[in-house]
Amino acid sequence: MGSFNKAEQKAPVLFLIITVVVTAVATMATVTFAMGDKPPATASKVSLSPMSAAEPTQPQVKTFAKVANPEIPPLAPLGPPPIPADNPMSDAKVALGKLLYFDPRLGGDASISCATCHEPEQGWSFAEGISRGYPGTVHWRGSQPVLNSAYYNKLFAAGSTPSLESQAPSAARGGVAGNGENDIMEARLRLIPDYVNRFNDVFGEPWPTINNAWKAIAAFERTLVQRDTPLDKYLLGDKTALDDQQLRGKTLYEGKARCILCHNGAFTTNEKYYNIGVPRATRWEEDGLAQVTFRFEQYAKGATEEMYRNIKDDAGLYYRNKNKWSMGKFRVPSLRYTKYTAPFMRQGQFYTLEEVIDFYDRGGFDEEGRTTSFPETKTPLVQKLGLSDEEKEDLLTFIEALSGDEILMDKPKLPPYKPLFTRAELQAAQAAK
Ligand code: HEC
Ligand code: HEC
C-alpha cells in the first residue's frame, strides 16, 4: 500500500481523480492478495492491528479458469529460494547448519533436535496429526515439513514468523518444542571443540553464539528444496513428464476443482489465510495432555479469559490480530512434496490425499459431515465440486506430480564435548596434593 501513497503524492493535480480511483481499486486488490476473504458488512472490526484495515475485493470465482487474473498466478517451475542479504550461503555454513539441525544439544534437556520433529524419513515433518512435544508434553499442531520451507514468506500455520532465522529460535526455545535456554545451549556449543573451530571459520568470531547457530541452521534449510518434480519438468518443456491422467488432473486443478484459487504460482500457495472448513482435531476430546497444551497456547497467545476457558478449536490467524473475522483462518500451504508428508492440515485432520480431495468435493466437510468450529468465517471459495470418482483419481495423480523423488538424509556423526580435564591431568593433580 505504501507505494500507492507515494504515487498519489507525485500525481499531477489534473490526474488526481483518476489516480484516486485507480489507487482505491488497486489497494483493494493488494489487500486481497495479502489477506484472503473480504469480511461481510456485519463483521466485527474491533482490532487495533493494521491487518484489520483489510477491505478486500470479492474473489473473482466465476472467471478464474477462463481469463488471466493477476490475482491468480499460474503454476510455474520453482526457482531457487531467496537468500537474505544478511545470511549469505557457504558450503561450510551449510555443513555446520546440518550438524546443528540434527544435534539435540540445541534444546532443553538435550534429548530432541530439530530432526526429531522434522525427520527426513517422515517427509521432514512428524507423521502424527499433532506433533510430539518436548518430553512430558505434546504439541498442539502438526509439524510442517522443513523441506521447501525456505520459500515461505510467513512460517507456521498462522504465519506468525517472517524468516527461518527467527523461526529456529522459537522452535528451539518454545515451551512445547525445544524448550531450550539460550545461555545453556550456547555454553554447550562452546564446549565442543569441533563447533568452536567451525563457527570461527564460518562467522569469523572467536566463540559460537546462539544467533549464529540459527543462521547456520537457516542456511542448511535453504538447501532442502525440491525443484525437479514431474510438474516442473513438464512446465520447463518436457511434455512427457505428465501422463494423460495427470494432465486431466491439471485441468481439474485449474478449473472445476478450484484448487488454483489458493494453491497457485510456482510454490502452489498464495500465502493468504482462509477458513476452508477443516473440523477440529478429535484428539483434544480424548487426550488430557493434548488439552493441557491447547489451553497453554491460548494463554501464551493472549486469548481472552473467556476463550482460554471455553474455546475448543485452534483459532489460527485470530491469535495474531485478535480480529474475530480471522477466527479459524490458516495460511495456505504449498502442495509440493505432499506425497511424503501425511497426515494433512494443521492438526493432521486427514490421513490421506484421497480424504483431502473428498473433503473439498463435499465443500469443506469430512465424511461425518463435520466442518469448521467457526462457520461465520468459512470462505465462499470452497464449495461442493461434484467430482466423479474418475475425476478425483485424476486430480490425485496430478497432486502427486507436485512431488519428485523422496529426499532422504543420514543423520551425521555429531562432534563430542571436550573433556574438562583428562584422566592423566586428574591423576597428576591428585598426586600433587
Ligand atoms: C517438539 C517438536 C518440534 C521441534 C523440536 C522442532 N519443531 Fe519445527 N515445528 C514443529 C511444529 C508442531 C510446527 C508447526 C507449528 C505451527 O504451525 O504453529 C513446526 C514448524 C516448523 C517450521 C515452519 C514450516 C512452515 O511450513 O511454516 C520450520 C521451518 C521448523 N519448524 C523448523 C524447525 C527447526 C529449525 C527446529 C530446530 C531448531 C525445529 N523446527 C524444532 C515441531 C517441532
Ligand atoms: C480457499 C482457498 C483454498 C482452496 C480453493 C483450496 N485449498 Fe487446499 N488448503 C487451503 C488452506 C488454508 C489449507 C490449510 C488448512 C488447515 O491447515 O486447516 C489447505 C490445505 C490443503 C492440503 C493439506 C496440505 C498439508 O500440508 O497439510 C491439501 C493436500 C490441499 N489443501 C489440497 C487442495 C486441493 C486438492 C484443492 C482443490 C480441490 C484445494 N486444496 C483447494 C486453502 C485452499
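Parameters and conventions
- Residues numbered from 1 in each chain as written.
- Chains lettered and ligands numbered in written order.
- Predicted model: local features only at pLDDT ≥ 70, side-chain atom pairs only at ≥ 80, totals over all residues.
- Helix = DSSP H or I, 4+ residues; strand = E, 2+ residues; numbered from the N terminus.
- Buried ≥ 20, exposed ≤ 12 C-beta atoms within 10 Å, placed from the backbone.
- Contact = placed C-beta atoms within 7 Å.
- Near = placed C-beta within 6 Å.
- Nonpolar A, V, L, I, M, F, W, Y, C, P; charged D, E, K, R; others polar.
- Expected span 1.5 Å × (residues − 1).
- Axes fitted to C-alpha atoms, helices over the stretch in contact; angles between N-to-C directions.
- Parallel < 35°, antiparallel > 145°, perpendicular 65-115°, else oblique.
- Arc of directions from axis to C-beta.

## Points about the overall build of the chain
Phase 1: Assigned secondary structure in the chain consists of 17 helices and 2 strands.
Phase 2: Residues classed as buried in the chain amount to 39% of the 433 residues present.
Phase 3: Of the contacts formed within the chain by residues at least 6 apart in sequence, a portion of 69% connects residues at least 24 apart.

## Some remarks on unusual backbone geometry
Most peptide bonds take the trans form, and the phi angle of most residues other than glycine is negative.
Phase 1: Geometrically, the link from alanine 342 to proline 343 is a cis peptide bond, its omega value of -5° lying close to zero.
Phase 2: In the Ramachandran plot, arginine 258 falls in the positive-phi region, its phi being about 70° despite a non-glycine side chain.
Phase 3: Mapped onto the elements of the fold, arginine 258 is located in the loop between helix 10 (244-254) and strand 1 (273-274).
Phase 4: Under the C-beta neighbour-count criterion, arginine 258 is labelled partly exposed, with 19 such atoms within 10 Å.

## Brief notes about the site of ligand 2
Phase 1: The environment of ligand 2 is formed by 27 residues, the closest being Cys259, Cys262, Phe344, Arg346 and Leu381.
Phase 2: Across the shell around ligand 2, the residue classes break down as 21 nonpolar, 4 polar and 2 charged.

## Thoughts on the site of ligand 1
Phase 1: Around ligand 1 there are 28 residues in total, and Cys114, Cys117, Gln144, Ala157 and Ala171 lie nearest to it.
Phase 2: Broken down by element, the residue count for the shell around ligand 1 peaks at 5 residues, all from helix 5 (residues 164-173).
Phase 3: By residue class, the composition of the shell around ligand 1 is 16 nonpolar, 10 polar and 2 charged.

## Describing the environment of phenylalanine 126
Phase 1: Within the fold, phenylalanine 126 resides in the loop between helix 4 (114-117) and helix 5.
Phase 2: Given 22 C-beta atoms within a 10 Å radius, phenylalanine 126 is considered buried.
Phase 3: It is 7.8 Å that separates the C-alpha atoms of phenylalanine 126 and threonine 116, two residues lying 10 residues apart in sequence.
Phase 4: Not counting the four nearest positions on each side in its chain, phenylalanine 126 is found in contact with Cys117, His118, Glu119, Ser131, Arg132 and Ser143.

## Considering helix 8 (residues 210-221)
Phase 1: Relative to the 16 Å expected for 12 residues at 1.5 Å per residue, helix 8 spans 17 Å between its end C-alpha atoms, a close match to the ideal helical length.
Phase 2: Across the 12 residues of helix 8, 11 count as buried, placing the element largely inside the fold.
Phase 3: Among the residues making up helix 8, those that are buried are Ile210, Asn212, Ala213, Trp214, Lys215, Ala216, Ile217, Ala218, Ala219, Phe220 and Glu221.

## Let's talk about the packing of helix 3 (residues 91-101) against helix 8
Phase 1: Close contact between helix 3 and helix 8 brings their axes to 7 Å; oriented N to C, the two are set at 100°. Between helix 3 and helix 8, the interaxial angle falls into the category roughly perpendicular. In this structure, helix 3 uses Lys93, Val94, Leu96, Gly97, Lys98, Leu100 and Tyr101 to contact helix 8, whose residues at the interface are Ala213, Ala216, Ile217, Ala219 and Phe220.
Phase 2: Taken together, the residues that form the contact of helix 3 with helix 8 break down as 9 nonpolar, 1 polar and 2 charged.

## Here's the deal with the packing of helix 10 against helix 16 (residues 389-400)
Phase 1: One can describe the packing of helix 10 onto helix 16 by two numbers: an axis separation of 7 Å at closest approach and a directional angle of 100°. Considered as vectors, helix 10 and helix 16 are oriented roughly perpendicular to each other. On the side of helix 10, the interface is formed by Gln245, Gln246, Arg248, Gly249, Lys250, Leu252 and Tyr253, while helix 16 contributes Glu391, Asp394, Leu395, Thr397 and Phe398.
Phase 2: Classifying every residue of the contact of helix 10 with helix 16 gives 4 nonpolar, 4 polar and 4 charged.

## Points about the environment of leucine 75
Phase 1: Looking at the element boundaries, leucine 75 is found in the loop between helix 2 (16-35) and helix 3.
Phase 2: C-beta crowding within 10 Å serves as the criterion here: with 20 such atoms nearby, leucine 75 is assigned to the buried category.
Phase 3: The sequence separation of leucine 75 and lysine 250 amounts to 175 residues, and the corresponding C-alpha distance is 9.8 Å.
Phase 4: With residues near it in sequence (within four places) discarded, leucine 75 still touches Leu231, Leu235 and Asn264.

## Quick notes on helix 12 (residues 288-300)
Phase 1: Its 13 residues place the ends of helix 12 18 Å apart at the C-alpha level, agreeing with the 18 Å of an ideal helix rising 1.5 Å per residue.
Phase 2: Within helix 12 the residues assigned to the buried category are Ala290, Thr293, Phe294 and Gln298. For helix 12, the angular spread of the buried residues around the axis is 145°, confining them to a single face. Seen from the open side of helix 12, the exposed residues pointing more than 90 degrees away from its buried face are Gly288, Leu289 and Tyr299.
Phase 3: Buried residues in helix 12 make contact with helix 11 (283-286) and helix 13 (305-310).
Phase 4: Downstream of helix 12 by a residue or two, glycine 302 has a phi angle that is positive, lying close to 75°.

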